[in-house]
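These are the residues of each chain, in order.
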Amino acid sequence: MKIVTIGGGSSYTPELIEGLILRQKKLPITEIWLVDIEDGKEKLQIVGEMARRMVEAAGLNWQIRLTLDRKAALKDADFVTTQFRVGLLEARQKDECIPLSHGYLGQETNGAGGILKAFRTIPVILDIIKDMREQCPEAWLVNFTNPAGMVTEAAIRYGHWEKTIGLCNVPFSHIEQAKKILNQPEESLFFKFAGLNHFHWHRVWDRHGKEQTRALIDAIYGQHMQNEGLTNIHQIPFYPELVRHLSILPCGYHRYYYLEEQMLAHSVTDFKAYATRAEVVKETENRLFELYKNPDLKEKPEELAQRGGAHYSDAACDLIESIHNDSRKMMVVSTRNNGALTDLPYDSIAEVTAVITSHGAEPLNWGTFPPAARGMLQVMKAMEQTVIEAAVNGDYGAALHAFTINPLIRAGETAKQVLDQLLYAHKKYLPQFADTIARIEAEQPADTQYVDQLLADRKLHQK
């Protein structure tokens with residue numbers, strides 16, 4: 001088996017390698033190729049050497065290859081995993097800081113920042129698919145790159161790569177929380193998730209067929225146990241009445257929508273303190289790569305859990321193993337809806353509990369949501385599909401419409417200004433919007449100067 005990881009220089013790679021090592025008896029791996037770009041060359045070398053030490057310490061003869069040549073890496077691959085960030089952490093910093101400077105949420109997958117991340121990422125995933133069509137036409141594409149739901153939908157809808165499945169580590173945190181509260185092992189519980197990436201709900205049953213969702217709601221929201229272990233989200237408590245009304249458990253990311261005012265205020269405070277999530281993660285990454293340089297380090301360090309993507313390997317490696325061996329494991333994935341959620345278009349991408357087979361994901365039927373959840377879900381799906389349209393076509397009208405639809409963006413002149421400033425800030429990675437950005441630069445010098453000054457201030461403070 002040949003596995004290729006796009007974004008191989010990521011700080012997450014040691015966890016992926018660890019996950020593959022733990023499944024060595026189930027996966028006939030011969031080669032692992034770690035691929036990155038020129039800007040990530042140094043990190044690729046550091047993490048690649050770390051991966052080699054881990055494999056050697058496990059007594060395995062897998063070949064770990066490092067390259068900047070994506071096409072060469074993809075030749076005859078069986079599985080391609082993606083974990084890249086277009087524009088690196090500097091791009092995430094822009095996604096957060098520019099909206100927050102106007103009092104709008106800046107976040108990696110939500111609000112204006114999440115939309116711009118999709119604009120940068122979707123053309124790249126489509127380029128990767130073009131290379132896969134030439135080099136490994138039978139390979140599975142396992143996407144962990146955020147915004148995972150939108151990237152997965154673009155890969156299937158516009159890239160026509162049916163063998164694509166998206167992953168996220170957030171459901172794992174909710175499963176761990178339920179296991180701890182109910183004091184039962186995972187194999188004694190049945191979980192059912194449905195919704196969109198970073199916008200799902202779930203229900204839980206025990207092995208005797210009794211639903212435990214209400215018991216969990218009472219315990220979590222009645223006994224102040226609202227921490228799901230998501231290190232990258234501020235844990236403001238939900239209003240218990242909201243959750244009890246739905247009688248289904250929300251995703252931790254729902255705080256951005258159910259508690260928008262408080263979450264925005266906290267983010268603005270962090271922004272003013274030069275402590276946005278991107279700026280914190282930069283420091284964490286620097287520490288991790290210093291650890292990875294240690295020639296005596298041969299296992300994943302505990303500090304990686306602080307990065308925010310813990311348990312990625314449990315998802316990615318379980319998925320690869322289940323497809324390869326037709327294990328039919330139940331997993332929460334982003335896949336084609338196929339009628340599982342009656343409130344979403346049949347061919348759209350949903351994040352849903354599915355049986356993972358050798359032919360892909362078979363989603364479990366969820367049915368319909370209560371009106372209070374259904375309305376939000378359908379607005380978010382419409383917004384996602386409009387974002388994807390804008391990303392693929394470079395359509396400024398679609399981009400502005402996506403901003404208008406998004407529940408976390410107050411539509412109007414300021415929203416348009418934030419969009420224009422973000423487009424300008426990311427112009428290196430948005431060739432599809434080249435004409436629009438040229439117009440912004442020619443006609444709106446105040447916006448470009450504002451962005452340049454804001455980013456220079458953040459850079460100066462970091463020094």
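Residues numbered from 1 in each chain as written. Predicted model: local features only at pLDDT ≥ 70, side-chain atom pairs only at ≥ 80, totals over all residues. Heavy atoms only, no water.

The name given to the protein in an unreviewed UniProt entry is 6-phospho-beta-glucosidase, with the source organism recorded as Tatumella ptyseos ATCC 33301.

K.L.:
An account of the overall build of the protein is requested, with residue identities and associated values reported.
P.N.:
Across its full length, the protein holds 18 helices and 12 strands. On C-alpha atoms alone, the protein measures out to a radius of gyration of 21 Å, which is about the 23 Å that the 2.2 N^0.38 rule sets for 463 residues. With the C-alpha coordinates of the protein rotated into their principal frame, the extents come out at 60 × 50 × 40 Å. Sorting the 463 residues of the protein into buried and exposed places 59% on the buried side. Total accessible area computed for the protein in this model is approximately 18700 Å², and 49% of it derives from carbon and sulfur atoms. (Helix = DSSP H or I, 4+ residues; strand = E, 2+ residues; numbered from the N terminus. Rg over C-alpha atoms; globule rule 2.2 N^0.38 Å. Buried < 20%, exposed > 50% of the residue type's maximum accessible area, 1.4 Å probe, protein only. Areas by Shrake-Rupley, 256 points an atom, 1.4 Å probe, with all protein chains shown as cover.)

K.L.:
Before we move on, could you go through helix 11 (residues 260–272) and cite the residues and values that matter?
P.N.:
Helix length check: helix 11, at 13 residues, gives a terminal C-alpha distance of 18 Å against a target of 18 Å (1.5 Å per residue), a fit within 8%. Every buried residue belonging to helix 11 is among Met263, Leu264, Ser267, Val268 and Phe271, and all of these are buried. All buried residues of helix 11 lie within an arc of 135° about the axis, which places them on one face of the element. With respect to the buried face of helix 11, the exposed residues turned more than 90 degrees away are Glu261, Thr269 and Lys272. Considering only its buried residues, helix 11 is in contact with helix 4 (88–100), helix 10 (255–258) and helix 18 (445–462). A positive phi of about 55° marks Tyr274, the residue just after helix 11. (Expected span 1.5 Å × (residues − 1). Arc of directions from axis to C-beta. Contact = heavy atoms within 4.5 Å.)

K.L.:
Requested: an account of the UniProt feature "binding site: substrate" (unreviewed entry) in the protein, with residues and values cited.
P.N.:
UniProt records the feature "binding site: substrate" (unreviewed entry) for Arg92 and Asn146 in the present numbering. The greatest C-alpha distance among the annotated residues, which extend across 55 residues, is 11.2 Å, indicating that they converge on a single site. Within the element layout of this structure, Arg92 appears in helix 4. By relative accessible area, which is 3% here, Arg92 ends up buried. Mapped onto the fold, Asn146 is located in the loop between strand 5 (140–143) and helix 6 (148–157). (UniProt positions renumbered as here; feature names shortened; annotations may be inferred.)

K.L.:
Run through the environment of Ile388, naming residues and quoting values.
P.N.:
Looking at where Ile388 falls in the secondary structure, it is placed in helix 14 (residues 371–393). Remark: the alpha-carbon pair of Ile388 and Lys459, spanning 71 residues in sequence, is separated by 31 Å. Look past the residues within four positions of Ile388 in its chain and what remains in contact with it is Ile122, Met150, Glu153, Ala154 and Tyr158.

K.L.:
Explain helix 6 to me, and be specific about the residues and the numbers.
P.N.:
Most of helix 6 sits inside the fold, with nine of its 10 residues counted as buried. Every buried residue of helix 6 is accounted for by Ala148, Gly149, Met150, Val151, Thr152, Glu153, Ala154, Ala155 and Ile156. Summarising the contacts, the buried residues of helix 6 are in contact with helix 5 (111–135), strand 5, strand 6 (164–166), strand 10 (329–336), strand 11 (349–357) and helix 14.

K.L.:
Quick one: what's the story with the packing of aromatic side chains, residue by residue and with numbers?
P.N.:
Scanning the entire structure with this criterion turns up 12 aromatic pairs. Both rings, one in Phe190 and one in Trp205, keep their centres 5.9 Å apart while their planes meet at 65°; by these two values the pair is edge-to-face. Highlighted residues: Phe190 in strand 7 (residues 189–196) and Trp205 in strand 8 (residues 199–206), separated in sequence by 15 residues. Between Trp201 and Phe369 the ring centres are 5.1 Å apart and the planes differ by 55°, which places this aromatic pair in the tilted class. Taken together, the positions of Trp201 in strand 8 and Phe369 in the loop between strand 12 (360–363) and helix 14 put the pair 168 residues apart, joining distant regions of the chain. For the pair formed by Trp201 and Phe369, the shared burial category is buried. Aromatic rings pair up to connect Phe199, Trp201, Tyr257, Trp366 and Phe369 into one cluster. (Phe/Tyr/Trp six-rings, centres within 6.5 Å; stacked < 30°, edge-to-face > 60°.)

K.L.:
Tell me about the environment of Asp76, and name the residues and values.
P.N.:
Tracing the sequence through the fold places Asp76 in the loop between helix 3 (70–74) and strand 4 (79–82). Separated by 67 residues in the primary sequence, Asp76 and Gly9 have C-alpha atoms spaced 21 Å apart. Once residues within four sequence positions are removed from consideration, Asp76 is found in contact with Lys2, Gln135 and Cys136.

K.L.:
Give me the lowdown on the nonpolar core, citing residues and values where you can.
P.N.:
Counting residues in hydrophobic clusters, the biggest one holds 105 residues, and the most contacted among them are Val80, Phe119, Leu341 and Leu423. The leading source of residues in this core is helix 5, at 11 residues. Grouped together as the second largest cluster of nonpolar side chains are 44 residues, Leu20, Met50, Ile64 and Leu304 included. (Core = buried A, V, L, I, M, F, W, Y, C linked by side-chain atoms within 4.5 Å.)

K.L.:
How would you sum up the pairing of strand 11? Please name residues and give values.
P.N.:
With nine of nine residues buried, strand 11 lies mostly within the body of the structure. Across two bridges, strand 7 lies against strand 11 in antiparallel orientation. What sits directly across from Gly195, in strand 11, is Glu351. Sheet topology note: the strand 10/strand 11 ladder contains eight bridges and is antiparallel. (Pairing = 2+ DSSP bridges.)

K.L.:
Outline the packing of helix 4 against helix 18, listing residues and values.
P.N.:
Where helix 4 contacts helix 18, the axes come no closer than 11 Å and their chain directions differ by 115°. For the pair helix 4 and helix 18, the sense of crossing is right-handed. Counted together, Gln93, Lys94, Cys97 and Ile98 of helix 4 and Val451, Leu454, Leu455, Arg458 and Gln462 of helix 18 form the full contact between these two elements. A breakdown of the residues in the contact of helix 4 with helix 18 according to their chemical character gives five nonpolar, two polar and two charged. (Axes fitted to C-alpha atoms, helices over the stretch in contact; angles between N-to-C directions. Left-handed = near helix turned anticlockwise from the far one by under 90°. Nonpolar A, V, L, I, M, F, W, Y, C, P; charged D, E, K, R; others polar.)

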